[in-house]
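Notes for the structure review
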Amino acid sequence: MHLASFIVRRLLQLIPTLLFILIVVFVLVRLLPGDPASAILGDRALDADVERINRELGLDRSLPVQFAVFAKSVATGNLGNSIHLKLPVAELIAARLPITILLTVMAALIAVLFAVPLAFVAALRRGRAADSVVRGAFQVGLSMPVFYLGLILLTVFGARLGWFPVGGYGDGFLDHLYHLFLPALTLALSLSAILMRNLRAAIIGVIDAEYVQFARAKGLRPRLILSRHVLRNALISTVALFGLSIGTLLGGAVITETVFAIPGAGRLMVDSIYGRDYPVVQGLTIALAVLVSLTFLLTDLVQAWLDPRVAR
Amino acid sequence: MTQAPALEVRNLTTTFAGGRLTAVNDVSFTVLPGEVLGLVGESGSGKSVTLRSIMRLLPASGAVSGHVRWQGRDILTMSDADLRGVRGGQISMIFQEPMTALNPVLPVFTQIEENLKAHTDLDRAARAARARDLMDLVGIPDAARRLKEYPHQFSGGMRQRVMIAIALAGNPTLLLADEPTTALDVTIQDQILKLILDLRDELSMSVVLVTHDLGVVAATCDRIAVMYAGRIVETGTVRDVFAQPAHAYTRGLLGSVPHAGTERSMLLSIEGTPPPLDRIPAGCAFNPRCDFATGPCRARVPVLEDLAPGRSVACFNRTAVTAAGSPV
Ligand SMILES: Nc1ncnc2c1ncn2[C@@H]1O[C@H](COP(=O)(O)OP(=O)(O)OP(=O)(O)O)[C@@H](O)[C@H]1O
Ligand code: SF4
Ligand SMILES: [Mg+2]
């Protein structure tokens, strides 16, 4: 198969993407209001001190030089130091980003676990009661703001019933999963509503296809027809949507981490923006952008695997 | 003529849209073991719907009534589990469109093997070997490599062969072949028809062959059933019907066949087009296009009457039609 060359080609395409990300981050950070020196020294700083800080941070040099220095250090994994926390940014990200990734992955899994079976129920009982109920319930899920939903879940299952912790991250992997369940559920609901709707429509589009009729004419079991012939073809478009939704999901993680007091990258980002901690904002933005690019790559690979016509 | 039929279709009626559209209307025919029956008629006459109704392969909007007797049972009323044994095992179907009937995202091997898995006790290795044999059988070279490929890597003719390989995987005793050669060029068409006939001889299976092409019927079929607007209007052996058509529509169809060495004779081709399902004329559905039509044709629906054993026709003016002689 041509899958191997497809993967190589797709990996090469990552290089310009990453370069573009670096440029955007570099420019954006310089467009932010306020400057690092006054953030560090306070508003009443002396000019001499400001100059000294700028020199230390390399901000007195020309922009192209600044960019070259910046790109080189990023490439070597050096993202600078946090202004407030006095720690290497790379270290901070290494500590906080996995929490956000775990939260996002859990949310994605929960969304899929909800969406796929319910899309089948809705599609196979199209126009009947089950279809209306599923679609109605998801319409509600889709229209509720993430933080509001999070607060409701927190109040009911955390505070009232005491089934889940009301915040924090816990110790040890299983405890992490336990702590992240409610926030992940919060994040998952609107995504699963979107996926459900898309997959339901895709299944309806595929179920009367000639190749599905032909599969029936072979005397295959309905379960095999659904999983092998219907689901796989229907998933092609839904996987693309799913990949595109990962960025949104990461954005939602910022809000969710704030509501549930989870020490993830989203919280770190919010705190750093308020504190004008440029190096952290910059490093996190790069890390998240790389993460999103990688999920796009992964999405493409899954699509190529699902649909052999893609990898050509 | 005393042989018991392999398949017996009685009063098959298929409607769509809650009964408002009748695509197949009170159709009855039989197929003997080892026999090739040609089902002909213009586009929209109900040939494909007839085949799909036999296999209970209709969308949710379709409703079937009547009887389809197969090995002492009625396919239309048997359980879903029994039906799965018949479909793809005892009775196989070749779909009209090779471009859309194969799953685009599965390798050809999977699409053959799943049929073997459903209908044979072969183990994995034996299924792989049998899949290669089937590819050889239908004349696809380089079987081992091509089995790993996907439908989009095959030409139209090769896809049609793949479909035939799939249909033959379960060693069917009846093959329902829906225009297996339309959209293929003539040499490939001949190869595929010859293949089906060879297999009929080798496996002694019966075949219902749907086609527009009366030349194909003459070359391959034992008997013919002519359909118009959802009804069978004439049946008989190919020899009898071609020599002496008794229905004006059959005569018109025969007249539009290009003969060997001559141009298509436009004089005798049928004027107009078949009616859509929501506008089937009263009386004989063919009457607006019929040169032989008389008063009764516009008032009543002619019923199929036996002229001889195995030969029947539904035409009020069959004497006049017969007297006009065969155009071929
Ligand atoms: N699912 C459906 N819903 C409504 N009408 C249908 C459906 N399937 C087929 N029909 C109608 O039934 C009639 C018979 O169709 P059918 O496909 O059997 O024709 P055919 O004889 O096979 O024609 P062709 O030679 O073009 O394949 C047509 O008028 C068609 O529009
Ligand atoms: S019944 Fe009448 S209209 Fe119909 S084919 Fe015969 S002559 Fe023509
Ligand atoms: Mg057809």
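That block above? That's the structure.
Residues numbered from 1 in each chain as written. Chains lettered and ligands numbered in written order. Predicted model: local features only at pLDDT ≥ 70, side-chain atom pairs only at ≥ 80, totals over all residues. Heavy atoms only, no water.

**Some details on the site of ligand 2**
Residues and elements named next belong to chain B.
- Not every one of the 13 residues close to ligand 2 is listed here, only the nearest: C284, C290, C297, C315 and F316.
- Spatially, ligand 2 is embedded in the largest cavity.
- Across the shell around ligand 2, the residue classes break down as 10 nonpolar, 3 polar and no charged. (Near = heavy atom within 4 Å. 1 Å grid on protein atoms, 1.4 Å probe; cavity = no way out; pocket = protein on both sides within 12 Å on 5 of 7 lines; lining within 4 Å. Sits in = over half its atoms within 2 Å of the grid points. Nonpolar A, V, L, I, M, F, W, Y, C, P; charged D, E, K, R; others polar.)

**A closer look at the nonpolar core**
- Among the nonpolar cores identified, the biggest contains 101 residues, and L7, F29, I54, I112, L176 and I224 of chain B are the most heavily contacted of them.
- It is helix α7 (residues 156-169) of chain B that contributes the most residues to this core, 9 residues altogether.
- Counting 49 residues, the second largest nonpolar core, distinct from the first, contains A119, A122, F138 and L180 of chain A. (Core = buried A, V, L, I, M, F, W, Y, C linked by side-chain atoms within 4.5 Å. Buried < 20%, exposed > 50% of the residue type's maximum accessible area, 1.4 Å probe, protein only. Helix = DSSP H or I, 4+ residues; strand = E, 2+ residues; numbered from the N terminus.)

**A few points about the interface of chain A and chain B**
- Listed by partner, the interface residues are 23 residues for chain A and 27 residues for chain B.
- Buried area between chain A and chain B, summed over both chains or domains, comes out near 2,300 Å², and the portion from carbon and sulfur atoms is 58%.
- Counting the surface chain A buries against chain B, the share from its top three residues, E210, F214 and K218 of chain A, is 29%.
- Taken together, chain A and chain B are joined by 3 salt bridges. (Contact = heavy atoms within 4.5 Å. Buried area = accessible area lost by both parts, 1.4 Å probe. Salt bridge = Lys/Arg side-chain N within 4 Å of Asp/Glu carboxyl O.)

**Focus on the pairing of strand β7 (residues 174-178) of chain B**
All names here are of chain B.
- Burial analysis of β7 places 5 of its 5 residues in the buried class, which makes it a mostly covered element.
- Burial of β7 is two-sided: the residues L174, L176 and D178 facing one way and the residues L175 and A177 facing the other way are all buried.
- As defined by bridge partners, strand β6 (residues 91-94) adjoins β7 across 4 bridges and the pair is classed as parallel. Bridged to M93 within β7 is L176. (Pairing = 2+ DSSP bridges.)

**Quick notes on the sheet that holds strand β4 (residues 63-70) of chain B**
Residues and elements named next belong to chain B.
- Strand order in this open sheet of 4 strands is β2-β1-β4-β5, and the pairing throughout is antiparallel. Because the sheet does not close on itself, it has two edges, and the strands there are β2 (21-31) and β5 (73-74).
- Direction of pairing for strand β1 (residues 7-16) relative to β2: antiparallel, over a ladder of 7 bridges. When the bridges of β2 are listed, T15 appears paired with T22.
- Of the strands in this sheet, β1, β2 and β4 touch helix α1 (residues 47-54), which is tilted by about 115 degrees from β1. (Axes fitted to C-alpha atoms, helices over the stretch in contact; angles between N-to-C directions.)

**Details of empty space enclosed by the protein**
Residue and element names in this part refer to chain B.
- Evaluation of the coordinates by the stated rule reveals 3 cavities of 30 Å³ or more.
- The space that makes up the largest cavity amounts to roughly 80 Å³.
- Taken together, 13 residues make up the lining of the largest cavity; nearest its centre are C284, C290, C297, C315 and F316.
- Taken together, the residues that form the lining of the largest cavity break down as 10 nonpolar, 3 polar and no charged. (Points joined across faces, edges and corners; volume = space filled by probe spheres on them.)

**Structural notes on the site of ligand 1**
Residues and elements named next belong to chain B.
- Not every one of the 15 residues close to ligand 1 is listed here, only the nearest: S43, G44, S48, V49 and Q96.
- One of the side-chain N or O atoms of S48 is found 2.7 Å from an oxygen atom in ligand 1.
- Taking 640 Å² as the accessible area of ligand 1 by itself, protein coverage stands at 69%.
- Taken together, the residues of the shell around ligand 1 sort by class into 5 nonpolar, 7 polar and 3 charged. (Polar contact = N/O pair within 3.5 Å; in protein donor to acceptor, adjacent residues only side chain to side chain. Areas by Shrake-Rupley, 256 points an atom, 1.4 Å probe, with all protein chains shown as cover.)

**Quick notes on unusual backbone geometry**
- Of note in this structure, A261 of chain A is not a glycine but carries a positive phi near 50 degrees.
- The residue A261 of chain A is located in the loop between α10 (222-259) and α11 (265-274) in this model.
- A positive phi is found at E179 of chain B, a non-glycine position, where the angle reads about 45 degrees.
- Relative to the helices and strands, E179 of chain B resides in the loop between β7 and α8 (186-203).
- Judged by relative accessible area, which is 4%, E179 of chain B ranks as buried.

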